[in-house]
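# Structure at a glance
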Number of protein chains: 2
Amino acid sequence: MASPEIEALTQALARLPGLGPRSARRAVLHLLKKRETALDPLLRALGAVSERLENCATCGNVDTTNPCAICADPRRDDRALCVVEEVADLWALERSRLFPGRFHVLGGRLSALEGVRPEDLRIDSLVARIAAGGIDEVVLAMNATLEGQTTAHYIAERIDRFPIRLTQLAHGLPVGGELDYLDEGTLAQALRARRPLG
Amino acid sequence: MASPEIEALTQALARLPGLGPRSARRAVLHLLKKRETALDPLLRALGAVSERLENCATCGNVDTTNPCAICADPRRDDRALCVVEEVADLWALERSRLFPGRFHVLGGRLSALEGVRPEDLRIDSLVARIAAGGIDEVVLAMNATLEGQTTAHYIAERIDRFPIRLTQLAHGLPVGGELDYLDEGTLAQALRARRPLG
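Fair warning: this is a prediction, and the values are worked out from it, not measured in the lab.

A separate point is the overall build of chain A. Summing up its helical and strand segments, chain A has eight helices and six strands in all. Taken from the N to the C terminus, the helices and strands of chain A come in the order α-α-α-β-β-α-β-α-β-α-β-α-β-α. Taking 198 residues into account, the globule formula puts the C-alpha radius of gyration at 16 Å, and chain A, at 21 Å, lies well above it. Along the longest, intermediate and shortest principal axes, the C-alpha atoms of chain A span 65 × 45 × 40 Å. Scored against the burial criterion, the 198 residues of chain A give a buried share of 43%. Partitioning the intrachain contacts of chain A with sequence separation of at least 6 by distance along the chain shows that 47% fall at a separation of at least 24.

Spelled out as structure tokens, the structure:
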């Protein structure tokens, strides 16, 4: 019914995470109706990003500059390095604004099932960054999944010859978590890692 | 944290219906990671639509051609005309593939609250299309809302001098509707419009 161009746009949008065919159609209708305030700004924003998109050669972040804004920021603490699986994890930590140091994005996690081996991740460049010196602490901020923790252990082994403090994110109750609704794995972690009060 | 270009793209996406700030961020990450398979195709699709977007001068549909694909299709039945509030309604009816005729998009509905008057809608051009002759039936496919039905009644008055069959969509139980969960308005409509069985 719709023209091939509109069909193609609907399909391109429907492939985004969080959008299905139905919501993509609604989004397209919105874009068609609001050409000046929705379609053209989105087109310009996409074009600007596409034109300048780069992978940061230092940390593996995606940005419109290389090195990325974080690696280029002189106010960040060079002595602390936080290792994450994906760019999404880096962004999540940045939103919390709690980590003042630098990042290193692995680009995934070790997975026997999906055939992801150490050489498929940015582990060699991580080791090289640490070997270059100047880093006091490495925070392993892998996901609290089997594969994330396997990756953390593998990296810990690879870098245990360096004189650095190696830490990982705490596991336990999420804020607002109610015991009754939490899985047993989380409860077990929270109990094992219990701390003296006050 | 992200560059201004990435921030602008996130905000442009977050303004689409069905996407909030969080899902827009996920979508942007997806686009950044899949440049060849997601970002560039979306950019091309948006560009193609933006370049060729037109409002059909005949029916008010949006398409990449003028007249639109429906108005230009010689296989459609010129004698039946379906009047809808919005382009979204036209698309919804087209997906059902049940209406073989032409469409007319009003561009909204009469609303005292929102200050939408008859001259704000494409009613004059509807009357002109009917006055030009060749149309046997006009289906008023307004929404089953107070404003939709007010609009339908207004249009019915404006065109009752023409020798046409004037119909409207049936109101009643939706497919799969359970009496226990339906509102009283729908039940009342379904009861009033009850039909002999078999």
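Turning to the packing of helix α3 (residues 35-52) of chain A against helix α3 (residues 35-52) of chain B, a few remarks are in order. Contact geometry of α3(A) with α3(B) gives a least axis separation of 10 Å together with a crossing angle of 140°. Classed by the angle they form, the pair α3(A) and α3(B) counts as oblique. Remark: the crossing between α3(A) and α3(B) carries left-handed chirality. Taking contact as the criterion, the partners of R35(A), L39(A), D40(A), L42(A), L43(A), L46(A), G47(A), V49(A), S50(A) and E51(A) in α3(A) are, on α3(B), R35(B), L39(B), D40(B), L42(B), L43(B), L46(B), G47(B), V49(B), S50(B) and E51(B). Residues of the contact of α3(A) with α3(B), tallied by class, amount to 10 nonpolar, four polar and six charged.

In terms of backbone geometry, most residues other than glycine have negative phi values and most peptide bonds are trans. Residues and elements named next belong to chain A. Between N66 and the following residue, P67, the backbone shows a cis peptide bond with an omega angle of 5°. Its location among the elements puts P67 in the loop between β2 (62-63) and α4 (69-72). Phi is positive for R97, which is not a glycine, with a value near 55°. Structurally, the position occupied by R97 is in the loop between α5 (87-96) and β4 (101-105).

Turning our eyes to something else, we now look at helix α7 (residues 146-158) of chain B. For an α-helix, the turn length of 3.6 residues means that residues three or four places apart are oriented alike. Residues and elements named next belong to chain B. Spanning 13 residues, α7 covers 19 Å between terminal C-alpha atoms, matching the ideal 18 Å at 1.5 Å per step. Among the residues making up α7, those that are buried are G148, Q149, T151, A152, I155 and A156. Buried residues of α7 fall within an arc of 155° about the axis and therefore sit on the same side. Every exposed residue of α7 that faces more than 90 degrees away from the buried side is listed here: L146, H153 and E157. Where the residues of α7 are buried, they touch β3 (77-84), α6 (123-131), β5 (137-140) and β6 (165-168).

Let's shift gears to the pairing of β4(A). Each regular strand shows side chains that alternate between the opposite faces of the sheet. All names here are of chain A. Across the five residues that make up β4, a large majority, five, are buried. Bridging between strand β3 (residues 77-84) and β4 involves five bridges; their strand directions are parallel. Within the sheet, the bridge partner assigned to V83 lies in β4 and is H104. Crossover handedness for the path β3 to α5 to β4: right-handed.

The transformation that overlays chain A on chain B combines an axial shift of 0.0 Å with a rotation of 180°, and the residual RMSD is 0.1 Å. The relationship between the two copies is best expressed as a two-fold rotation axis. Relative to the rotation axis, the closest C-alpha in chain A is found at L43(A), a distance of 3.3 Å. When the interface residues of chain A are mapped onto chain B, 98% of them again fall at the interface, so both copies present the same face.

Attention now goes to the interface of chain A and chain B. Counting from both sides, the interface comprises 49 residues of chain A and, opposite them, 48 residues of chain B. Between chain A and chain B the total buried area reaches about 4,800 Å² when both faces are included, carbon and sulfur atoms providing 73% of it. For the pair chain A and chain B, the number of links is four salt bridges. Taking the shortest distance from any N to any O, the salt bridge between R52(B) and E5(A) comes out at 2.2 Å. Put simply, chain A and chain B have 14 residue pairs in polar contact (both at pLDDT 80 or more) between them. Counting only elements with at least two residues in the side of chain A that touches chain B, the list comes to α1 (4-14), α2 (21-33), α3, β2, α4 and α5 of chain A.

Scoring rules and cut-offs
Residues numbered from 1 in each chain as written. Chains lettered and ligands numbered in written order. Predicted model: local features only at pLDDT ≥ 70, side-chain atom pairs only at ≥ 80, totals over all residues. Heavy atoms only, no water. Helix = DSSP H or I, 4+ residues; strand = E, 2+ residues; numbered from the N terminus. Rg over C-alpha atoms; globule rule 2.2 N^0.38 Å. Buried < 20%, exposed > 50% of the residue type's maximum accessible area, 1.4 Å probe, protein only. Contact = heavy atoms within 4.5 Å. Axes fitted to C-alpha atoms, helices over the stretch in contact; angles between N-to-C directions. Parallel < 35°, antiparallel > 145°, perpendicular 65-115°, else oblique. Left-handed = near helix turned anticlockwise from the far one by under 90°. Nonpolar A, V, L, I, M, F, W, Y, C, P; charged D, E, K, R; others polar. Expected span 1.5 Å × (residues − 1). Arc of directions from axis to C-beta. Pairing = 2+ DSSP bridges. Right-handed = clockwise from strand over helix to strand, strands pointing away. Least-squares fit on C-alpha atoms with pLDDT ≥ 70 in both. Buried area = accessible area lost by both parts, 1.4 Å probe. Salt bridge = Lys/Arg side-chain N within 4 Å of Asp/Glu carboxyl O. Polar contact = N/O pair within 3.5 Å; in protein donor to acceptor, adjacent residues only side chain to side chain.

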